[in-house]
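# Examining the three-dimensional arrangement
Given next are the chains, with one letter for each unit.
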Amino acid sequence: MTHRVAVAAGDGIGPELTEATQRVLEAAGASIEWVEAPVGKAAMARCGEELPWESLEKMRRLGVVLKGPLIAERLSGGAQVRAPEGVRTHPSVNNGLRRELAVYCNLRPVRGFAPVSGRYAALDVVLVREVTEDIYSGIERSVNEECGEAVKRITAQASRRIARFAFEYAARFGRKRVTAIHKANVLHRTDGLFLRCVREVAAGYPAVECDDRMVDAACYLMVKDPAAFDVMVLPNQYGDILSDLAAGLAGSLGLAPGANFGDSVAMFEAAHGAAPDIAGKGLANPISLILSGALMLDHLGEREAAERVRLAVELVLGEARVLTADLGGTATTRQLTDAICEACERVAV
Ligand code: NAD
């Protein structure tokens with residue numbers, strides 16, 4: 001069966017990684033018709049907008065999106081969308097895309113690989129991050145020239161929804177425990193509400209253990225004991241920070257895949273950004289987007305091809321002969337991609 005998937009190659013290293021991912025998914029036996037839906041700098045160059053309505057409509061219609069990272073300019077004033085009913089402004093281009101596609105969950109499974117992850121080879125944690133609210137809600141103002149403030153908004157509805165996603169995921173993929181991450185000892189009315197909602201939802205999943213950790217203690221524990229966590233459910237900002245921490249422990253941001261889920265759209269993207277410092281040099285590690293592609297194949301019901309991609313990545317990293325610079329090697333993006341494509345032929349699923 002051929003699947004139709006919207007693709008936005010993104011900025012910086014995005015186009016190199018997108019091409020690599022498309023090649024690997026094909027080598028793994030997936031049949032995909034790619035429908036271009038540019039956003040970010042490519043869209044700006046083409047039609048003067050970073051989030052063109054036409055691309056958003058394609059993504060909503062197809063329901064499945066592969067996306068490269070986007071550059072969110074610092075201090076840019078946000079990203080605008082010219083919707084038929086009027087212009088909407090979002091805090092950043094990525095935040096705007098997630099809001100326009102109504103995704104609420106960012107799933108980041110981060111695992112270590114022997115030998116490249118060293119003492120973190122046993123790390124195998126799934127971060128389930130809420131992405132619609134918290135301190136990234138975009139409710140921010142200047143009080144005066146010397147003072148600014150931002151609102152941390154947490155609702156029971158969004159907290160219960162992300163908790164249900166985390167417990168459903170744990171139940172479906174045989175995970176044993178969900179840990180809620182918070183700072184409820186200080187932020188009683190926001191993180192406290194989040195924690196109460198997670199506990200309330202947990203009661204409906206007696207087969208999955210539920211516990212909680214303060215965010216600072218969670219960072220410490222993750223570094224000290226790579227096997228400490230199974231599934232973590234986190235408000236937006238803690239999820240943002242801890243997923244990069246987990247990727248760093250695994251050895252590189254280039255190893256961490258990601259997926260965003262809403263009720264009608266699923267968007268797959270690497271955990272890292274557009275890495276402008278290495279863009280166009282053939283130095284980027286494509287594995288995070290390739291593994292995001294494997295998550296996409298799971299979502300499309302192509303379990304065998306997804307497993308083939310994961311085993312091929314594991315094989316190449318295990319051999320440790322063809323590695324990009326972030327993993328201590330000298331291979332280019334293309335050489336690592338070639339090795340993974342070739343490994344797709346060697347693995348038995
Ligand atoms: P970054 O993740 O782009 O880069 C951080 C560091 O990691 C850099 O040194 C980079 O070279 C390295 N790196 C990242 N991905 C790599 C890969 N695949 N292989 C090898 N090395 C890799 O973070 P940043 O520099 O803070 O952000 C750059 C831009 O990306 C910013 O405009 C930011 O807003 C944007 N960004 C986008 C997303 C997204 O689209 N989801 C996420 C994070 C950041």
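Above this text you will find the structure in question.
Residues numbered from 1 in each chain as written. Predicted model: local features only at pLDDT ≥ 70, side-chain atom pairs only at ≥ 80, totals over all residues. Heavy atoms only, no water.

### A closer look at the environment of K67
The condition is simple: Secondary structure elements follow DSSP: runs of H or I no shorter than four residues count as helices, runs of E no shorter than two count as strands, and numbering proceeds from the N terminus. Buried, partly exposed and exposed residues are distinguished by accessible area as a fraction of the type maximum, computed with a 1.4 Å probe on protein chains only: under 20%, between the cut-offs, and over 50%, respectively. The contact definition used throughout considers only heavy atoms, calling two residues in contact when any of these lie within 4.5 Å. Two N or O atoms count as a polar contact when they lie within 3.5 Å, although within protein this holds only if one can serve as hydrogen donor and the other as acceptor, and sequence-adjacent residues are included solely when both atoms are side-chain atoms.
With respect to the element layout, K67 can be found in strand β3 (residues 64-67). Relative accessible area serves as the criterion here: at 1%, K67 is assigned to the buried category. A sequence separation of 225 residues divides K67 from S292, and the C-alpha atoms of the two residues are 9.5 Å apart. Discounting chain neighbours no more than four positions away, the residues touching K67 are A8, N94, L97, M267, F268, E269, A270 and L289. A polar side-chain atom of K67 sits 3.0 Å from a polar atom in the side chain of N94.

### Some points on the sheet that holds strand β14 (residues 266-268)
Note the following rule: Between any two strands, at least two bridges found by DSSP are needed for them to pair. Axes here refer to lines fitted to C-alpha atoms; in helices the fit is confined to the stretch in contact. Angles between the N-to-C directions go from 0 to 180 degrees.
Read from one edge of the open sheet, 10 strands run β2-β1-β3-β14-β13-β6-β7-β12-β10-β11, paired in mixed fashion. Across the chains shown, the open sheet's two edge strands, defined by having one partner strand only, are β2 (31-36) and β11 (209-214). Strand-to-strand, the axes of this sheet are offset by a mean angle of 25°, without reference to chain direction. Sheet topology places strand β6 (residues 103-111) next to strand β7 (residues 124-130); seven bridges connect them, and they run antiparallel. Residue V110 lies in a different strand from β7, and its bridge partner there is V125.

### Side note on the environment of S252
Here S252 is to be found in the loop between α8 (236-250) and β13 (259-262). Along the primary structure S252 and A279 are separated by 27 residues, whereas in three dimensions their C-alpha atoms are 16 Å apart. Within polar-contact distance, the side chain of S252 engages the backbone nitrogen of G254 at 2.8 Å.

### Looking at the nonpolar core
Let me state the cut-off plainly: Joining through side-chain atoms within 4.5 Å is the link that ties buried Ala, Val, Leu, Ile, Met, Phe, Trp, Tyr and Cys residues into a set, and such a set is a nonpolar core.
If you look at the biggest cluster of nonpolar residues, it comprises 71 residues, and the most contacted ones within it are V128, F268, M296, L317 and I340. Ranked by the residues each element gives to this core, the list is headed by helix α9 (residues 287-299), at eight residues. L317 has contacts with F113, A114, P115, V116, L255, I287, L323 and L327, leaving out every residue within four places of it along the chain. One finds M232, L234, Y238 and L242 within the second-largest nonpolar core, a separate group that totals 21 residues.

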